[in-house]
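# Structure assessment
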Amino acid sequence: LTYKEMPDLSHYDFAGFATYTDWGDPPLFVKLVIDKLPMQKGKPAFLFNTCAALSGKTLKTLKTWVNQKGFKVVSAFTLKAPESYPPLVIKGLTGKNNPSERDMIRLINFINELSSFFSSSGHRGLGDLKDTNVKIGIINTLSPRYSRNKSKLQMGNKYVDQGLCTQCGVCFRGCPNEAISINSGVNFDEDKCYGCWSCFNHCPQKAIYTEKIKGIGQYSILENYSQKLMS
């Protein structure tokens, strides 16, 4: 789903908002999606986010955004996931053992509680629903919001190895900020780039590199993560 393909929420009794943590907050494109949703009248919603270490203020910020659109947040959950930020992956901080068995038990409990809530709430009026207080803990509360420029500076300018690039379009289709075009090669619009590194992480040929990192540090443990969730 992109912010160009908006769902019609009138067909649903509740909504869910899920995102990864991006430097202590939800990524910008998530707000773009939420901003384009019509105003709601207390429709219940749940929140979900993933992070490798700290989730920062992700859930708090996400709750603020959906509340501003008239949703009532009934539950929220954070799941530990593998690290995707290349400089940390290179340093060995991969989070490859995330999520732990305890995390998975908590996730299953969260899902079961949501299922129980929504299966038993049909008789309630929207006015009877309570907007939950999302708690993120003292460490996440004190965690600062980082500048987007910091992410871009730590990686360095992006380049494409034309000998490896097949112009498959994975980077173009996956860029949430429409900062990539394919016209006689892959081109980056640095003014639009948000420093999420989706292009670097998902290039199947490892053709995208920076002046500091090339051919290493990609989010190559996605398969392990997916298998763990399915087991």
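The structure under discussion appears in the preceding block.
This text gives an overview of the structure that appears in the document. For clarity, every value in this text was computed on a predicted model and none was experimentally measured.

Scoring rules and cut-offs
Residues numbered from 1 in each chain as written. Predicted model: local features only at pLDDT ≥ 70, side-chain atom pairs only at ≥ 80, totals over all residues. Heavy atoms only, no water. Buried < 20%, exposed > 50% of the residue type's maximum accessible area, 1.4 Å probe, protein only. Helix = DSSP H or I, 4+ residues; strand = E, 2+ residues; numbered from the N terminus. Arc of directions from axis to C-beta. Contact = heavy atoms within 4.5 Å. Pairing = 2+ DSSP bridges. Right-handed = clockwise from strand over helix to strand, strands pointing away. Disulfide = S-S within 2.5 Å. Axes fitted to C-alpha atoms, helices over the stretch in contact; angles between N-to-C directions.

## Thoughts on helix 1 (residues 28–35)
Three or more residues of helix 1 are buried, namely V30, V33 and I34. Taken around the axis of helix 1, the buried residues stretch over an arc of 95°, which confines them to a single face. Residues of helix 1 that are buried sit in contact with strand 1 (15–20) and helix 2 (58–68).

## Concerning the pairing of strand 3 (residues 72–80)
By the bridge criterion, 8 bridges tie strand 2 (residues 44–51) to strand 3 in an arrangement that is parallel. Paired with L47 across the strands is A76, a residue of strand 3.

## Overview of the pairing of strand 1
By the alternation rule, side chains of strand 1 split into A15, F17 and T19, which are all buried, and G16, A18 and Y20, of which none is buried. When strand 1 meets strand 2, the two strands line up parallel, connected through 6 bridges. Pairing of A15 across the sheet is with A45, part of strand 2. The parallel pair strand 1 and strand 2 is bridged by helix 1, and the resulting crossover is right-handed.

## Some remarks on the side chain of T61
Within the fold, T61 resides in helix 2. The buried category is assigned to T61, whose relative accessible area is 10%. Once you skip the residues sitting within four places of it in the chain, T61 turns out to touch D25, P26 and R145.

## Some thoughts on the state of the cysteines
Considering all chains together, one arrives at 0 disulfides under this definition. Of all cysteine sulfurs, the one in C196 lies closest to C175, which takes part in no disulfide; the gap is 6.0 Å. In this structure C193 is a free cysteine whose sulfur lies 6.5 Å from that of C199, the closest cysteine sulfur available.

## A closer look at the sheet that holds strand 1
Spatially, 1-2-3 is the arrangement adopted by the 3 strands of the open sheet, whose pairing is parallel. Strands at the two margins of the open sheet, each flanked by one partner only, are strand 1 and strand 3. Between one strand axis and the next, the sheet turns through 15° on average, direction left out of account. Running at roughly 160° to strand 3, helix 4 (residues 101–120) makes contact with strand 2 and strand 3 of the sheet.

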